[in-house]
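Next come the chains, spelled out residue by residue.
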Amino acid sequence: MNFMNYGANIKQFQLIKFINENCSDDHVISKISIVLRRDKIEAPYYMDTKIRLSSCIDRQDNGIVHAMDILNHNRMHNLTEEKYNEIKSLITDAFDDSHDSDQVKIFKEDKRLKIVLMSKNDDEFRNLFNNYQELFDKIDNLID
């Protein structure tokens, strides 16, 4: 089935927020990776988003007893220079070197910018969405 024929536009960040809000497991682990690049010849302004959600049954002595993948999602975007600069500006304004922690990792290179956001429970996940809602909405709205 081709969802595009029906006008479907799956908003990736809204989807993972919906999954988290409707999951009865308190131990949903998320990893969100957003990479902006401007080094490809065929697509000079490029963004790749990767989202992984896992559920762990128990965390014993800081280890995971059992984990199950809930979602593994990857979306690639060819951007206009204007959209690239807009998203890059949102990222650089929201994330500076002081944000580098267990929950947020930032990798900056000349032609590449990568952020990795991780949460280990519902509270951390909600905080990510509250803190970076504007960025997530901007990325979700790239596809009309």
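Residues numbered from 1 in each chain as written. Predicted model: local features only at pLDDT ≥ 70, side-chain atom pairs only at ≥ 80, totals over all residues. Heavy atoms only, no water.

### Observations regarding the confidence of the model for the chain
Per-residue pLDDT for the chain has a mean of 80; in total, 78% of the residues score no lower than 70. No element of the chain has a lower mean pLDDT than strand E3 (residues 59-60), at 58, and none a higher one than strand E7 (residues 112-119), at 91. (pLDDT = per-residue confidence, 0-100. Helix = DSSP H or I, 4+ residues; strand = E, 2+ residues; numbered from the N terminus.)

### Section: the packing of helix H1 (residues 12-21) against helix H3 (residues 122-140)
At a minimum axis distance of 9 Å, the contact between H1 and H3 shows a crossing angle of 160 degrees. Compared by their axis directions, H1 and H3 come out roughly antiparallel. Taken as a pair, H1 and H3 cross one another with a handedness that is left-handed. Across the interface between the two elements, Gln-12, Phe-13, Gln-14, Ile-16, Lys-17 and Asn-20 from H1 touch Asp-122, Phe-125, Phe-129, Gln-133, Phe-136, Ile-139 and Asp-140 from H3. A class-by-class count of the residues in the contact of H1 with H3 yields six nonpolar, four polar and three charged. (Axes fitted to C-alpha atoms, helices over the stretch in contact; angles between N-to-C directions. Parallel < 35°, antiparallel > 145°, perpendicular 65-115°, else oblique. Left-handed = near helix turned anticlockwise from the far one by under 90°. Contact = heavy atoms within 4.5 Å. Nonpolar A, V, L, I, M, F, W, Y, C, P; charged D, E, K, R; others polar.)

### Focus: the packing of aromatic side chains
Scanning the model with the defined rule gives four aromatic pairs in all. Between Phe-13 and Phe-136 the ring centres are 4.4 Å apart and the planes differ by 15 degrees, which places this aromatic pair in the stacked class. Of this pair, Phe-13 sits in helix H1 while Phe-136 is found in helix H3, placing the two residues 123 residues apart along the sequence. Summarising the burial analysis for this pair, Phe-13 and Phe-136 share the class buried. Arranged with centres 5.1 Å apart and planes meeting at 55 degrees, the rings of Tyr-45 and Tyr-84 form a pair that is tilted. With a gap of 39 residues between them, Tyr-45 in the loop between strand E1 (28-37) and strand E2 (46-56) and Tyr-84 in helix H2 (residues 81-94) connect regions that are remote in the sequence. Here a set of aromatic residues connected by ring pairs shows up, and it is made of Phe-13, Phe-125, Phe-129 and Phe-136. (Phe/Tyr/Trp six-rings, centres within 6.5 Å; stacked < 30°, edge-to-face > 60°. Buried < 20%, exposed > 50% of the residue type's maximum accessible area, 1.4 Å probe, protein only.)

### Remarks on the layout of surface pockets
Which parts of space are left empty comes out when a probe the size of a water molecule is rolled across the atoms. The computed volume of the largest pocket comes to approximately 210 Å³. Every residue along the wall of the largest pocket is listed here: Lys-31, Ser-33, Val-35, Arg-37, Tyr-46, Asp-48, Lys-50, Ile-51, Arg-52, Arg-112, Lys-114 and Val-116. Going through the elements one at a time, E1, E2 and E7 are the ones with two or more residues in the lining of the largest pocket. Broken down by element, the residue count for the lining of the largest pocket peaks at five residues, all from E2. Split into classes, the residues belonging to the lining of the largest pocket amount to four nonpolar, one polar and seven charged. (1 Å grid on protein atoms, 1.4 Å probe; cavity = no way out; pocket = protein on both sides within 12 Å on 5 of 7 lines; lining within 4 Å. Points joined across faces, edges and corners; volume = space filled by probe spheres on them.)

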